[in-house]
Amino acid sequence: MLDSRKIMDLEAAMGAGPLNDVLRLVPDSARAELVRVDGALASGDLEGARRAAHALKGFAANLGLNRLSLAAAQLDQVLRAQDAVSARPCRDALDRAMADTEAALASRG
């Protein structure tokens, strides 16, 4: 779920306080990307949805949020292939990964 090694490296580089400040922003930032994904999907803009999923994938990977990054990567991949049918289950999986990530961050303190 959370890459503890990556988080420890970030904490060493940034300090605990600044890292915690960044991690507190994760839910709102990730949800903003999810809104972009949903808006693009609703309008049939698969490339726009893919770009938002790709941004979320990178954002999550950089912070060691492995499950969220993987779920976003899967959505990115199906959208890259223009597979609108597979996009919905991947988008649903992304919601579950987001909920799990939020829970893991909350339990982290």
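Higher on the page you've got the structure.
Everything numeric in this text was worked out from a predicted model, so none of it was measured.

What counts as what
- Residues numbered from 1 in each chain as written.
- Predicted model: local features only at pLDDT ≥ 70, side-chain atom pairs only at ≥ 80, totals over all residues.
- Heavy atoms only, no water.
- Helix = DSSP H or I, 4+ residues; strand = E, 2+ residues; numbered from the N terminus.
- Polar contact = N/O pair within 3.5 Å; in protein donor to acceptor, adjacent residues only side chain to side chain.
- Contact = heavy atoms within 4.5 Å.
- Core = buried A, V, L, I, M, F, W, Y, C linked by side-chain atoms within 4.5 Å.
- Buried < 20%, exposed > 50% of the residue type's maximum accessible area, 1.4 Å probe, protein only.
- Axes fitted to C-alpha atoms, helices over the stretch in contact; angles between N-to-C directions.
- Parallel < 35°, antiparallel > 145°, perpendicular 65-115°, else oblique.
- Left-handed = near helix turned anticlockwise from the far one by under 90°.
- Nonpolar A, V, L, I, M, F, W, Y, C, P; charged D, E, K, R; others polar.

## Brief notes about the side chain of Asp76
Thinking step 1. Of note, Asp76 is situated in helix α4 (residues 66–80).
Thinking step 2. Within the local environment of Asp76, its side chain forms a polar contact with the side chain of Arg50, the two groups lying 3.2 Å apart.
Thinking step 3. If sequence neighbours within four positions are ignored, Asp76 has contacts with Arg50, Ala53, His54 and Lys57.

## Describing the nonpolar core
Thinking step 1. With 29 residues, the main nonpolar core has Leu56, Leu65, Leu68, Leu75, Leu79 and Leu94 as its most contacted residues.
Thinking step 2. The element that contributes the greatest number of residues to this core is helix α2 (residues 16–42), accounting for seven residues.

## Remarks on the environment of Arg31
Thinking step 1. For Arg31, the location among the structural elements is in helix α2.
Thinking step 2. Measuring from C-alpha to C-alpha, the distance between Arg31 and Leu10 comes to 22 Å, with 21 residues separating the pair along the chain.
Thinking step 3. Discounting residues that sit within four places of it in the chain, Arg31 has contacts with Asp95, Met98 and Glu102.

## What to know about the packing of α2 against helix α3 (residues 46–62)
Thinking step 1. Two elements in contact, α2 and α3, have axes whose closest approach is 7 Å; the angle formed by their N-to-C orientations is 165°. With respect to α3, the axis of α2 lies roughly antiparallel. Where α2 crosses over α3, the handedness of that crossing is left-handed. Contacts between α2 and α3 involve Val26, Ser29, Ala30, Glu33, Leu34, Arg36, Val37, Ala40 and Leu41 from the former and Leu46, Gly48, Ala49, Ala52, Ala53, Ala55, Leu56 and Phe59 from the latter.
Thinking step 2. Class assignment for the residues of the contact of α2 with α3 results in 13 nonpolar, two polar and two charged.

## Examining the environment of Ala72
Thinking step 1. Within the secondary structure, Ala72 is located in helix α4.
Thinking step 2. With a relative accessible area of 0%, Ala72 lands in the buried category.
Thinking step 3. For the pair formed by Ala72 and Val35, sequence separation is 37 residues and the distance between their alpha carbons is 13 Å.
Thinking step 4. Ignoring any residue separated from it by four or fewer positions in sequence, one finds Ala72 in contact with Ala53, Leu56, Lys57 and Leu94.

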